[in-house]
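Report on the structure
What follows is each chain in one-letter form.
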Amino acid sequence: MEKRKMAWMILTALAISLVIVAGAMTGTVQRERSHAQENVTEVTTVEGQYRIQITDGKLALYRTGSSVPYQKLDMPLSLLSEYDLEQLESGITVGTEAELRQLVEDLTS
């Protein structure tokens, strides 16, 4: 009789331990999944965006998130309108490289 009680106590303790471990793992997986989803959202919103602005007296092209231009254009800024100059001082952001190319073409023609 005593061995039976001991066996039931061990099985009960094991079952309780498994429930605790499963609950902890579920919480961890949910947190990791949520964190991964946040990272994907951040990458999606930043990736593929471009900015053009005046830097060191030249038109400079940036990828969003970078403080270093990946290209500088040799173009006399005196050819730009006052409105364009004002916009370019703070920077103009576009969503795609094609939009950036179109904007550069519009500004330089």
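First, a word on what this report is: a plain description of the structure on this page. (Residues numbered from 1 in each chain as written. Predicted model: local features only at pLDDT ≥ 70, side-chain atom pairs only at ≥ 80, totals over all residues. Heavy atoms only, no water.)

**Considerations on the overall build of the protein chain**
Convention followed: In this description a helix means any DSSP run of H or I spanning at least four residues, a strand means any run of E spanning at least two, and both kinds are numbered starting from the N terminus. When accessible area is computed with a 1.4 Å probe and restricted to protein chains, residues below 20% of their type maximum are described as buried, those above 50% as exposed, and intermediate ones as partly exposed. The contact criterion used is simple: two residues touch if any of their non-hydrogen atoms lie within 4.5 Å. Computed with a 1.4 Å probe, the accessible areas rest on the Shrake-Rupley method; for each residue, only the protein chains presented here act as cover.
Scanning the protein chain for helices and strands turns up three helices and four strands. Reading the protein chain from its N terminus to its C terminus gives the helix and strand order α-β-β-β-α-β-α. Across the 109 residues that make up the protein chain, the buried fraction comes to 21%. Within the protein chain, residue pairs in contact and separated by at least 24 positions form 43% of the contacts whose partners lie at least 6 positions apart. Only carbon and sulfur atoms are counted for the fraction: they give 59% of the accessible area of the protein chain, which is about 8400 Å².

**Overview of helix H3 (residues 97–108)**
Rules: One less than the residue count of a helix, multiplied by 1.5 Å, gives the span that helix is expected to have. Here the arc refers to the directions that run from the helix axis out to each C-beta atom.
Between its first and last C-alpha, H3 extends 16 Å over twelve residues, near the 16 Å set by a 1.5 Å rise per residue. Along H3, the residues classified as buried are Leu100, Leu103, Val104 and Leu107. Seen along its axis, H3 keeps its buried residues to an arc of 100 degrees; they face one direction. Elements that come into contact with the buried residues of H3 comprise strand E1 (50–55), strand E2 (58–63), strand E3 (71–73), helix H2 (82–90) and strand E4 (92–94).

**Details of the environment of Ser81**
Using the following cut-off: In protein, a polar contact means a hydrogen-donor-capable atom and an acceptor-capable atom, both N or O and within 3.5 Å, with residues adjacent in sequence counting only if both atoms are side-chain atoms; elsewhere, any N or O pair within 3.5 Å suffices.
Along the chain, Ser81 turns up in the loop between E3 and H2. With 26 residues separating them along the chain, Ser81 and Leu107 place their C-alpha atoms 9.2 Å apart. A polar contact is formed between the side chain of Ser81 and the backbone nitrogen of Asp84, at a distance of 3.1 Å.

**What to know about the environment of Tyr62**
Relative to the helices and strands, Tyr62 is located in strand E2. Residue classification places Tyr62 among the buried positions, given a relative accessible area of 3%. Spatially, the C-alpha atom of Tyr62 lies 9.2 Å from that of Lys72, the residues being ten residues apart in sequence. Residues within four places of Tyr62 in sequence aside, it is in contact with Gln49, Tyr50, Arg51, Gln53, Thr55, Ser67, Val68, Pro69 and Tyr70. Reaching out from Tyr62, the side chain makes a polar contact with the side chain of Thr55 at a distance of 2.7 Å.

**Observations regarding unusual backbone geometry**
Not every positive phi belongs to a glycine, and Asp56 is a case in point at roughly 55 degrees. Within the element layout of this structure, Asp56 appears in the loop between E1 and E2.

**What to know about the sheet that holds E3**
Sheet strands pair via backbone hydrogen bonds, and the direction of the pair is either parallel or antiparallel. To be explicit about the condition: Paired strands, as defined in this entry, are two strands with at least two bridges between them according to DSSP. To obtain an axis, a line is fitted to C-alpha atoms, over the contacting stretch when the element is a helix, and the angle between two such axes runs from 0 to 180 degrees between their N-to-C directions.
With antiparallel pairing, four strands are arranged side by side in an open sheet as E3-E2-E1-E4. Edge positions in the sheet fall to E3 and E4, since each has one partner strand and no second. Ignoring strand direction, the axes of neighbouring strands in this sheet form an average angle of 25 degrees. Note that E1 and E4 share three bridges and pair antiparallel. Considered in E4, the bridge of Arg51 is made with Thr93. In the packing of H2 onto the sheet, contacts are made with E1, E2 and E4, and the angle to E1 comes to roughly 110 degrees.

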